[in-house]
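# Descriptive structure summary
These are the residues of each chain, in order.
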Amino acid sequence: MRLPLIDGLRGYFLLMMMVAHLALVDPFLSLFSHHKFGYVEDAQGFVFLSGFVIALVYGRMLQKTSFRHMQVKLYARVRQLYIYNFASLAVVFALSYSTFQFAPEVRHMANLGGNVWQDVVLSLLVIDGPLYVDILPMYICFMLLTPFVLRMLWNDGFLTVIAISVGVWVIAQSGIFNWFANYITAFLDLQVEEGLDMSLYFFRWSWQILFMGGLVAGALYARGKLDLSRLHERRFEQLFHLSLIGVFFFLLLKISLMDRLAWLDPDAALLHTSLSRSNFGLLRLANFVVDTYAFVYLAVVGPTSRNGLIRALGKVINAVFSWTPFRVLGQNSLQAYALHVVLVYLVAAAVFQFGIPVGSGVGDAILIGCWAILFGLSFAKARGRAR
């Protein structure tokens, strides 16, 4: 079952990922990214929605067939993910260790070091990966556990899954998993001054709360236990108003930490930990929750709201994120994600090799060109499926 809004959101997140990852060419359009308004980013939404969609597709497969059938189909998807991850890695390593002038710069950008075999092995084992080739390895790890999580959810083990996921996230905030990863890195005598190691960027013990949250929400929706029409009730409107306060709080926090203003010290221990991107700190989690609730409320209740502004916002959200190009891109998110990685590194190689000037419209032309390639691939693949 396809949900147009979900597909559209995934497509939008892919485009915004391209904006963030092409920071090297400094496109003016990046000023309009939602990153400027808080701490909810494309990767977070992408991970959550992936869990949601997986629960819809494979949870219903579990319900209609058997655990074994669902597991085989899901692991076939994992193999597909690994193939695309391998292809992305092949391009990045080929560029990084080529004999061209750009190679050292690309290698530095990718966080690869002098020990090429260490970097290759850690990447192939999905323990770590070059810059921007880190989401697919995280998905693969999560999806290996997904069949067992889905079985728990379809056996009404919602509270158990939530408790385990939150518990693991809380423990991860203490830094114990990171300490263990660093200990393994030292024990194996891995080169850590530069290159890949065991520490990981998107720390999976923390980021799993997004994927598991998506699985729980998707399972509830698939089983008819998540009735979004209830959002029209008065109490949920009050929660919406509270979520708006949260949205503005994080906007103000973002502004307060800007380099130009520096109203708050970003290096303060509490802020640094709570806003950790790699460890997905408490404030980032809270920002994600309030933004998600506000968005869902506007999408569901907004179009029929008595309030003119909310009604207009609800209609805009449904129109924009149901736009066909966004939906088609979202339906081909795996291929589009892998292609976006390749495009980012090809652009970087060209900039380093030929000294292409950035900014002043050049960055925007490059960005729009990359968007066009992503849309072109997605429509071509959709047309191929329709034949």
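Look above for the structure.
Just so you know, these numbers come straight off a predicted model, no measurement behind them.

Within the protein chain one finds 16 helices and 0 strands. Since a compact globule built from 387 residues should have a radius of gyration of about 21 Å, the 21 Å found for the protein chain is in line with a globular shape. Projected onto its principal axes, the C-alpha positions of the protein chain cover 65 × 55 × 50 Å. Looking at the 387 residues of the protein chain, the share that counts as buried comes to 49%. Summarising the internal contacts of the protein chain: among those between residues at least 6 apart in sequence, 77% fall at separations of at least 24. By element, 67% of the accessible surface of the protein chain is carried by carbon and sulfur atoms, the whole surface being about 19,000 Å². On the protein chain, the mean spot of the 29 positive side-chain charges and the mean spot of the 21 negative ones are 17 Å from each other.

On to the pattern of salt bridges, then. Under the defined criterion, the tally for this structure stands at 7 salt bridges. Its salt-bridge partner being R230, residue E233 comes within 3.4 Å of it at the nearest N-O pair. Its relative accessible area of 31% is what places E233 among the partly exposed residues. One salt-bridge network, held together by shared partners, links E41, R277 and R284.

So, about unusual backbone geometry. With a phi close to 65°, N111 is a non-glycine residue in the positive phi region. Positive phi values are uncommon outside glycine, yet D156 reaches one of about 65°. Checked against the element boundaries, D156 lands in the loop between helix 6 (135-154) and helix 7 (158-173).

Glancing now at the packing of helix 7 against helix 9 (residues 204-222). Packing of helix 7 against helix 9 brings their axes to within 8 Å, and their N-to-C directions diverge by 165°. The pairing of helix 7 with helix 9 is recorded here as roughly antiparallel in orientation. The handedness of the crossing between helix 7 and helix 9 is left-handed. Contacts between helix 7 and helix 9 involve F158, V161, I162, S165, V166, V168, W169, A172 and Q173 from the former and W205, S206, Q208, I209, M212, V216, A219 and L220 from the latter. Each residue belonging to the contact of helix 7 with helix 9 can be placed in one class, and the counts come to 13 nonpolar, 4 polar and no charged.

Okay, the environment of M16 next. Residue position: M16 is located in helix 1 (residues 4-21). Along the chain, M16 and L252 lie 236 residues apart, while their C-alpha atoms are 22 Å from each other.

Turning our eyes to something else, we now look at the environment of Y293. Within the secondary structure layout, Y293 lies in helix 12 (residues 282-300). Remark: the alpha-carbon pair of Y293 and F240, spanning 53 residues in sequence, is separated by 7.1 Å.

What follows covers the nonpolar core. Residues M18, L22, L150, L153, W207, L215 and Y345 are the most contacted members of the largest nonpolar core, which totals 101 residues. Sorting elements by how many residues they give to this core places helix 2 (residues 42-64) first, with 13 residues. Not counting residues up to four positions away in its chain, the partners in contact with L22 are P27, V344, V347, I366, L367 and C370. The next biggest cluster of nonpolar side chains, apart from the first, holds 8 residues, and it includes F250, L253, L257 and L275.

Taken as a whole and assessed by the stated rule, the structure comprises 19 aromatic pairs. Residues F93 and Y97 carry aromatic rings whose centres are separated by 6.1 Å and whose planes lie at 10° to one another, so their mutual orientation is stacked. We classify Y97 as partly exposed; its relative accessible area is 29%. A ring pair is formed by W323 and F326, whose centres lie 5.1 Å apart and whose planes are at 80°; its orientation type is edge-to-face. Taken together, Y12, F13, F295, F321, W323, F326 and F375 form an aromatic cluster joined through their ring pairs. One Lys or Arg, R151, reaches over the ring of F67 and ends 4.0 Å from the middle of that ring. Sitting over the ring of Y39, K254 keeps its end group 4.6 Å from the ring centre.

What counts and how
Residues numbered from 1 in each chain as written. Predicted model: local features only at pLDDT ≥ 70, side-chain atom pairs only at ≥ 80, totals over all residues. Heavy atoms only, no water. Helix = DSSP H or I, 4+ residues; strand = E, 2+ residues; numbered from the N terminus. Rg over C-alpha atoms; globule rule 2.2 N^0.38 Å. Buried < 20%, exposed > 50% of the residue type's maximum accessible area, 1.4 Å probe, protein only. Contact = heavy atoms within 4.5 Å. Areas by Shrake-Rupley, 256 points an atom, 1.4 Å probe, with all protein chains shown as cover. Lys, Arg positive; Asp, Glu negative; His and termini not counted. Charge placed at Lys NZ, Arg CZ, Asp CG, Glu CD. Salt bridge = Lys/Arg side-chain N within 4 Å of Asp/Glu carboxyl O. Axes fitted to C-alpha atoms, helices over the stretch in contact; angles between N-to-C directions. Parallel < 35°, antiparallel > 145°, perpendicular 65-115°, else oblique. Left-handed = near helix turned anticlockwise from the far one by under 90°. Nonpolar A, V, L, I, M, F, W, Y, C, P; charged D, E, K, R; others polar. Core = buried A, V, L, I, M, F, W, Y, C linked by side-chain atoms within 4.5 Å. Phe/Tyr/Trp six-rings, centres within 6.5 Å; stacked < 30°, edge-to-face > 60°. Lys NZ or Arg CZ within 6 Å of the ring centre and 35° of its normal.

Remember, this is a structural readout, not a statement about activity or role.
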